Structure formats: structure tokens, C-alpha cells
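# Structural overview
Chain by chain, the residues:
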Amino acid sequence: MFGRDEKVSEVRLTAAQYIILGIFLILAYGLWKLQVMESGYYASAAEKNRIRNVPVLAPRGKILDREGRTIVDNYPSFSALLLRDSSRDLVGDADLIAQGLHLDPNEVRARVRHFASMPQYQPIFLKEDITPDELQFIEAHRNELPELDTIMAHRRLYPRNGFMAHLIGYVGEVSEDMLNQPQFELYSPGDVVGRSGVEFQYNNLLMGQNGSRQALVDSHGREVGRLGETEAVPGKQLKLTIDIDLQIAAEEALAGKNGAIVAMDPHTGEILAMVSGPSFDPNDFAVRVSREEWNKLVTDPDKPLMNKAIQAQLAPGSTFKIIMSVAGWQEGVAQTLHVNCNGGAEFYGRRFGCWVKGGHGEVTLEKAIYQSCDVFFYTLAEKLGIDRIAKYATDLGLGQKTGIDLPNEVAGVMPSEQWKWQTQRQKWFAGETISVGIGQGAVAITPVQLLRAVSTISMGGRMVVPHVINPTDMPPGFVEAQHYTEVKNVPIDPNGWTFITDAMSRVLLPEGTAPSAHIPGIDIAGKTGSAQIVSLATRARFKNSDDLAQNGWFVGFTPRRNPDIVVCVLFQGGEHGRLAARLATQVIKAYVEKQRRTPQKMVEKPKTGGTVDIGGLWTEPDSDGDKETLQGGRFVLDLPKKPLAVAIAAPGLHQ
Amino acid sequence: MARYVSYRDFDWVLLGFVLIICGMGVMEIHSATMHTKFAGAHVKQVYWVLAGVGAMFLVSLINYQALLDQIHWFYIAGVGSLMAVLVFGQKYLGARRWIKMPGGNHFQPSEWVKLILILAVAKYFADMRERELSWADFMKAAAIVGIPMLMVLKQPDLGTALTYLPIAAMGVFLGGLQWKQGLAVALLATVGLGAVFFIPRVHVLKSYQKQRLTSFVDPELDPQGSGYQVEQSKIAVGSGGLWGGKGSQTHGAFLPVPQTDFIFAAFSEEHGFVGALGVLLLYFIVLMRLTQNAQTAPDRAGTFVVMGVVAVLSFHILVNVGMVVGFMPVTGIPLPLMSYGGSSVLFMFLALGMVMNVRMRRFVN
């Protein structure tokens, strides 16, 4: 026992001191071993052992047409980059680097500062797609500027002269704004990503996954070995539904003009061609577009960056009369309506003129369609009222996005009483309905909407989702592609759509509005339209300036029954629909001629018994029993398991 | 009884050496972070040191004997705060170690629990009246340290949990550990470690902790992980040579976190064997001076408090410098007084405050 003041064992305290001394001697020995005995080995290890992370860039997937022909390819190009782990004064070297790479030294310094907070092993990209003499400069200055390095990257090669530019889109370095958005969180600064069109829409498929290589480099920046490499996963090759032959025809048709052409397979919604004019060259955007060039494109009144096929919202003009006809037929009004057109008519105390000053005389639905009689449709509109018109137009997809797989599609406007109240807090005036009857007034739609609406009518109510990629070609579980195969059924009376499409097939005949677009031997049903962008009176005040010229429209399909292709043309400033019709028939002609050249397999025999699918056409009397109409259908036939016995010789021989 | 304390009895010599070490740390932090995103960390470190010196003076004013009388309350509060971390703590990089305080600061209770343990162990052994330790006393002492240690292990923070061990070891050793007991504990520790490593069902250590330890044994197994870090650290130290080099390992970012855990490697690279040995000598002087203060303490409790600080400081130096020269695995234990970081600096100065406290009362009673 001892008291509180008794000291701790002196021996043990001394022992603790010796233990501490022992620890320090061991540590000092460790330092001696490393720094004195083996310092030569470690000094050379420090020289040699430098690991650099070099990204291995994944090539972006190619973009192909429906037959596998290349539309967008890659080509190898070199980029200059700055490595930061070489203990060099990057800011001090900026002048020489800038001189050799033809850059602004301040920009180089700004970039170094901008990336200062990034991990050291991530190089800074200085200049992309460097020229051979810049590459030569980097090779020649390996010793003076060890921090400079090059990397080979695959760069996008787009078709020339803006061919298909709006549909394909372009790529560019990921922007700061994009990095802040959750859907792009996996992108890192410097990544090249799609910025518009298909490149944007399917960026995740096209982009692939960058790999990286841990390279061992010596103090002069020479690679002396490799630690490991994670390989880059190339982006997926994307097959579009576009047919290059048709696209070429459409591009040629719209060359030098303002507007859009879209062609679609009405059975599937596959877009066969899509052009918007004027165009731009996406090759200029492949890396970074200069400010002046960008400003020029953005401020151009013809809006070259806009994909007018899905982004132009304009009055459809007389093409809207097809939708009016369907609405009128479904309501049981149009088929019995007789109108006497004397060049205009008065509604609600105001005179509405017909485009034919002398008038069309006695007009029924059929003549009203192929001669595009305004008075007939004014009268029909008055009888239907705006809400019934809006109902059918909305059912046919007007005033809504079609859901096409391209970014920034716009919805347009299909006016109704409710719409006017919601947007303007104003009551609908009955007079406005009359203008809507001929596709003027507040109606604003996109070419692709009109295309889909007419496609639906031509298919007897089968409404598809337009799309530019093949949904079956997508990776499993790619949810986006699922809805492109959705089909909606819009109820349309079969007698109605056959009557209306028959009338449409006379539009290109001598009695129609566009006889000059007629092509012998091809059965085209369509409708022209000319839409004012300002009233005729206003236009006269501006001395009929071309800027205010009417927009020409045409939407048509071939053949009349069970069509293979629907084409919609918007010809801005085209004055009259028949000019637009001529552009459309050029595309249709290219399609039909290609079909005629290509041998078709009529029936493919399945490998193992089962069934075959055969299409057929025949005429049959109507329910009234007096008129024969053309009918079409598909038959599923059972194939016999055993082939039928075929005679190899006359009976009685070779027994 | 005169309770006269004066700053004449304050250990100015000790403070001087401590500040020299801090100065070396600040210099090295400046040099190692110059071109990185941590640039300017040395200025913050100066503020932490100044705050630490202030805290040290404050702690030296409170009579440690009064603190010891209330130690059970501190102990309960300490264990409670560890509990709070396990329940409410901020999860960061897979571990729950911090509590977010109002004002955006993060508080890591495992650091101040270290101080409480020094006092608690001191109190326990000071009150003991036997010259030799019984097994029951031994188990009680083990429990005092073991409970918070297990809680810190649960966070998981192996490094900090290990720093509690030397407090217990020093207490037990000075408190009268018998040879038999020492042997038994050593045997048990060997068997326990073996079990942790070689029996697959025992999940005491997280897989990354095991990996750190195995890659210490064979760095080639894991060239980019902690084995890589040790390798880079050895290259840094070795390439420093006798007089120091240009420091390409440090500035080329090959050395991981050169301002915190690997600051001694960065220092050794830039100042060579001579500089590194100089710093070790400074630490040795500080430790010897502390031991001297332990010997002149007014009572048993004072000796135990000071020796507790000595134990923690020696252990930190052993593990950190040992890691830097490749003798020890990577455990994330900083080098006291030199490594960048507020918690570590504040802990050291609070501990020194307690030492000053004991010293200033050496002629009292």
C-alpha cells in the first residue's frame, strides 16, 4: 500500500524513455536505409517511375441509312493536350506553346487556370484537329516542352454541303450548362457529345465509353512502359430509316429554296427522307464553332439552324381542307353539302373571297377538294363550328407533337374556344371559324404533323409515330424505341376516306389545282395549299415584297390505296401549292423509279411449313350494291407440310 | 495551502520546440500544395496553430485535479458523442466519423475522446493502491479504453481506434504490469490478429482495411492502391538522398496527400536525410522533455496524464513515420504538429495544455 503522493515507479518511466529511444532509432534506421544506402536506386526510380493517365477515346458510332450505306463516318485527327504532372511551369511556357500551336497565349493561360482544380492526372485539351505542322512542332519540342502531348481522336465526318444536316445534327464539346443538368451527369468536361438532331437524340448510344491507359513515362515525357489499359468501348452504329436515294432526290428538289420536305412510310412511320432549307455545314461545328460563324447562322432570317420539318409552325392553308373533309364526312355534313361558289360568300357580315375570283359554280365535296374551293369549306366550317373541327384535327395529331425521335419538336396550335380562352382570355369569334376552314387564322402546324395526319387518312385511320431509327435495331431494354412502334386507330368511315382520297387523286389531273406536277404512270393523291403569312391587303401595302410571299404546301401519297410513301412539302415563299407539288412529285418519282428498278420478293417461303402472308387487290360492289370499289387486304395461308406432288411425267409413264 | 500558479513555471522550452516543428510543417504544407487546389492551406494551418496555442493556455489554467474529479462525467459525454456519431453522423467516403455542427463545421468526436481517455486512465491508475496489477484491475483498465475503441472501430476508423491502444498500454505498464500478464496479452494479441486475417468468417476489419494491410506485406498485389502509395512514399523519401532533392514526387502529384498523412515523406524528399533526422530529433527532444515533466509531476495522476500524452504522441510518430519509410501499413494516422488539419493540431495543443497544467502545479501541495 502506498499513499496518493507516492511516485510512479522511476524504473518504469526510464524504461518508457528507452522504448521511445528504440522507436526513434528504428525510424532513423529506416530513413538511413532509404536515403543513404539505397538513395541511388530510389533516385532513378523517381526519374523512371511516372505514371500518366492517357485517355483512350472511344470512336463514335457511325450513322447509316436504311440499307447500311454510310451517312456519317469518323476520321482520325490529332489533338494537342497539356499534361500537368511533369512539374513544369505551364503558365511560363504558355507563350511558346501558343506560338507553336497558333493559339492566343492568354487563352492557353486561361485554360490552365480553368482546369486547375481538376485532378492532376487529367490532361488539358489545348487544340483539336491540329494541322500537320502543329503536330511537327510538338514532336520537335519533346525535350523543351515535355508537358505537350498529342492524342489521336476520331472526328466526325459529315456529308458535304449540309446534306441531311438538320436530321443528323452535329457534335460539340459538352457545355457547362449541360454538365449541370442531371441527365448529362455522366459526361465529363472535354467530352464531345451530340448537340442536335440524331447526334443529340441518340448520343448515349453513339458515344461509347472512353478507356484509359496508365503509361509509365520518364522525366522527359517518353513512354517507357504501360501499367494497364482499360479499353475504349466504341459507340453503337446507328441505322436510320432514311433512304439515301430518296434523301438525295428531296435535297435536290429543295436546293436553294426555303422550306422542308419530309417523306414517310405510312405503314410504319419510318421517315424515308427529311430536308430543311437552307442548310448549314455541320463539319464546321465538329469541334468548336467560331463566334462570328455562329452569329451569322443564328441571325440569318431564313433560319438555317432550324429543322423546319419539325420546328416551323405555319398556317397549313388549303391542305387543311383534307382534315375539314374528314371532319365534315364523319359528322355527316360534307357528303350532302352543295354550294354555289360565285367567287366569295358573306359570313357574319363580312365577305370571304374564294381564290378563284370568278367562282367555281356548283360545288360538291369532290370538286371542292380537287379544285380547292374556299367557299365550300367556309360553308362547311360554319356548319361544323370550331370545336368539332378542332376535335377531328386534334384526333389526327394537329397542334401536338408527333413524338418523332428528334430533339426540339414543336407542338403548333390547333385553335378551339377553350384554347382561345386559356391563352388569350378572349371569347372565340364565329368569324374566326371561317378562316380556320381553309387552314388560315390561328392554325399553325409543322410539316411532320401534316404528314402524319394525311398518312393516317390515307391508311384509313391507322396513325403511326414518325421515327428515324429502326426500333428493332436498338439494344434490349432501350425504352425510348418502344413507343415508335405504337399504332393508334383514328375512327374514319371507310367510304369517307376512299371518297376523299379519290378526290385527292384528281388534284394532279388537268381539272385539279396542280396539273403541272402530274407524272404519267404514277397514281398520286394529294392536296395543294397556299398559306398567307399576312393578309393580302397588308401584303399589297408592302408592294408585294417577296419576304411576305405566300407559303406553298403540298401533301400527297402514292399509290392511292394502301400507300407506300407519304410526302409533305413546305415551300416558303413558294406562292402557290402547285410549285410545292412539283417538289413532292420529284421525290415520289425517285421513290417509284427505285422500286421499279429493285427486284421485289413477292412471297418468301418460310423454312419450316407454317403460314405465308399474301397481299391482294380486288373490286367489290359497295354496300349500296351499284358501284364497284377497289378493295385491298392481306391473307394468311397455311402451307402444306409436304410439298404437293408434282408430276414429273405424263401418267402411265415411268411406273 | 497556497495554490499559487505562475507562467514562470510554464514550459516555455517545450513550447519553443513544439512551435519549431509546427513551423516546419507549415513550410512543407506550403511547398507541397503550391500548385494544387489546396494552395493556401499553410495559411489555414497557421491559424489552427494560433488557435491551438490559445486553447493550450486556456486548458493550462484549469486545475487538472479538478478535471480528474469530474472525469466520469466527461467519460459518459465522450461515449455519448461517439454513440451520436454512429446514429446521426455524416457519412463520407463510406465511414461515419463526423457530426455536422451548426455553421457548417464538422466535429469529429473520436479526437477529443482521446483526451478524455488519457485523463480517465490517469485517474483510474492514480487511485489504485496496489504495486502490482491484478487481473481484475487489468480488465477494468481494458474496458475503460475498449468500449470507446470498439465504437470508433464501428465507424469505421481503424487508425483513430488504434491510437487509443497506447494510452491503455502506457497506463497498464506504469500501473504495475506483471511479466506474466505482459506475456499473456502479447500471446492473445498474436492469436487475435491471426484470427482476423486467416479465419474468413471473422469480419472485424473491412475488406479495404485488410487490403491495406496485405498490400503492405506485398505491394505488388495492388500497384494502384495503398501499396502504390507506400511505394511512392518510399521513392519520395529515398530520392531525397542525404541533402534533399527537387521534390518531383511531391510536386508531380505522385505522392498521395503530401500535406496530411504523407507530409513527412514530402519533407524527407525535399530536405534529405539530414533534414528528416533533424525533425525526428526535435520530436525526440519534445518527448524527453515531456517525460521529464512526468517525473516532476506533483502526484501520480499528473505523471499518468503526461505519460498518456507521451504514449499517444510516440505512437503517432511511430505509425506515421513508419508508414512513410515502409515499415508500417497505411492506416491514415497523421503526423502530429506537422500534418495539415485542424482536428489533429487542436488535439495536440489541448494535450500539451494538460501537460503545462501539470507542470505549473509541480510545486503546489
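Residues numbered from 1 in each chain as written. Chains lettered and ligands numbered in written order. Predicted model: local features only at pLDDT ≥ 70, side-chain atom pairs only at ≥ 80, totals over all residues.

## Examining the overall build of chain A
- When helices and strands are counted, chain A shows 23 helices and 23 strands.
- Split into buried and exposed, the 655 residues of chain A put 41% on the buried side. (Helix = DSSP H or I, 4+ residues; strand = E, 2+ residues; numbered from the N terminus. Buried ≥ 20, exposed ≤ 12 C-beta atoms within 10 Å, placed from the backbone.)

## Details of unusual backbone geometry
All names here are of chain A.
- Gly277 connects to Pro278 through a cis peptide bond whose omega is -5°.
- Looking at the secondary structure, you find Pro278 in the loop between strand S12 (271-277) and helix H11 (291-299).
- Non-glycine residue His102 carries a positive phi angle of around 55°.
- Its place among the elements puts His102 in the loop between helix H3 (90-101) and helix H4 (105-114).

## Observations concerning the sheet that holds strand S11 (residues 259-264) of chain A
Residue and element names in this part refer to chain A.
- Strand order in this open sheet of 5 strands is S12-S11-S21-S20-S19, and the pairing throughout is antiparallel. Strand pairing shows two members of the sheet lacking a second neighbour, S12 and strand S19 (525-531), which therefore form its edges. Geometrically, the sheet is characterised by an average inter-axis angle of 5° between neighbouring strands, direction not taken into account.
- In this structure, S11 lies alongside S12, joined through 6 bridges in antiparallel fashion. Residue pairing across strands places Ile261 opposite Val275, the latter belonging to S12. (Pairing = 2+ DSSP bridges. Axes fitted to C-alpha atoms, helices over the stretch in contact; angles between N-to-C directions.)

## Observations concerning the packing of helix H4 (residues 71-88) of chain B against helix H5 (residues 109-126) of chain B
Residue and element names in this part refer to chain B.
- Interaxial distance between H4 and H5 falls to 9 Å at its minimum, and their mutual angle equals 150°. It follows that H4 is roughly antiparallel to H5 by the angle criterion. In this structure, H4 crosses over H5, and the sense of that crossing is left-handed. Two secondary-structure elements touch here, H4 through Ile71, Phe74, Tyr75, Gly78, Ser81, Leu82 and Val85 and H5 through Pro109, Ser110, Trp112, Val113, Ile116, Leu119, Ala120 and Lys123.
- Along the lines of polarity and charge, the residues of the contact of H4 with H5 split into 11 nonpolar, 3 polar and 1 charged. (Parallel < 35°, antiparallel > 145°, perpendicular 65-115°, else oblique. Left-handed = near helix turned anticlockwise from the far one by under 90°. Contact = placed C-beta atoms within 7 Å. Nonpolar A, V, L, I, M, F, W, Y, C, P; charged D, E, K, R; others polar.)

## Section: the environment of Val8(A)
- Note on placement: Val8(A) falls in the segment before helix H1 (10-37).
- The class for Val8(A) is buried, based on 23 C-beta atoms found within 10 Å.
- Apart from residues lying up to four places away in sequence, Val8(A) is in contact with Leu13(A), Leu174(B), Arg300(B) and Thr303(B).

## Things to note about the packing of H5(B) against helix H6 (residues 135-154) of chain B
Residues and elements named next belong to chain B.
- At a minimum axis distance of 10 Å, the contact between H5 and H6 shows a crossing angle of 170°. The angle between the axes of H5 and H6 places the two elements in the roughly antiparallel class. Residues Ser110, Val113, Leu117, Ala120, Val121 and Tyr124 of H5 form the contact with H6, whose participating residues are Ala141, Ile144, Val145, Pro148 and Val152.
- Of the residues in the contact of H5 with H6, the class split is 10 nonpolar, 1 polar and no charged.

## Quick notes on the pairing of S19(A)
Residue and element names in this part refer to chain A.
- Burial analysis of S19 places 7 of its 7 residues in the buried class, the great majority of the element.
- Of the two faces of S19, the one carrying Ala525, Lys527, Gly529 and Ala531 and the one carrying Gly526, Thr528 and Ser530 are both buried.
- Here 7 bridges tie S19 to strand S20 (residues 551-558), and the two strands are oriented antiparallel to one another. Following the sheet pairing, Thr528 is matched in S20 by Phe554.

## A few points about the pairing of S11(A)
All names here are of chain A.
- Counting buried positions along S11 gives 6 out of 6 residues, so the element sits mostly inside the fold.
- A two-sided burial pattern is seen for S11, the buried positions comprising Gly259, Ile261 and Ala263 on one face and Ala260, Val262 and Met264 on the other.
- Where S11 hands over to S12, the hairpin turn is made up of 6 residues, of which Gly269 adopts a positive phi near 85°.

What is shown is where atoms sit, not what they do.
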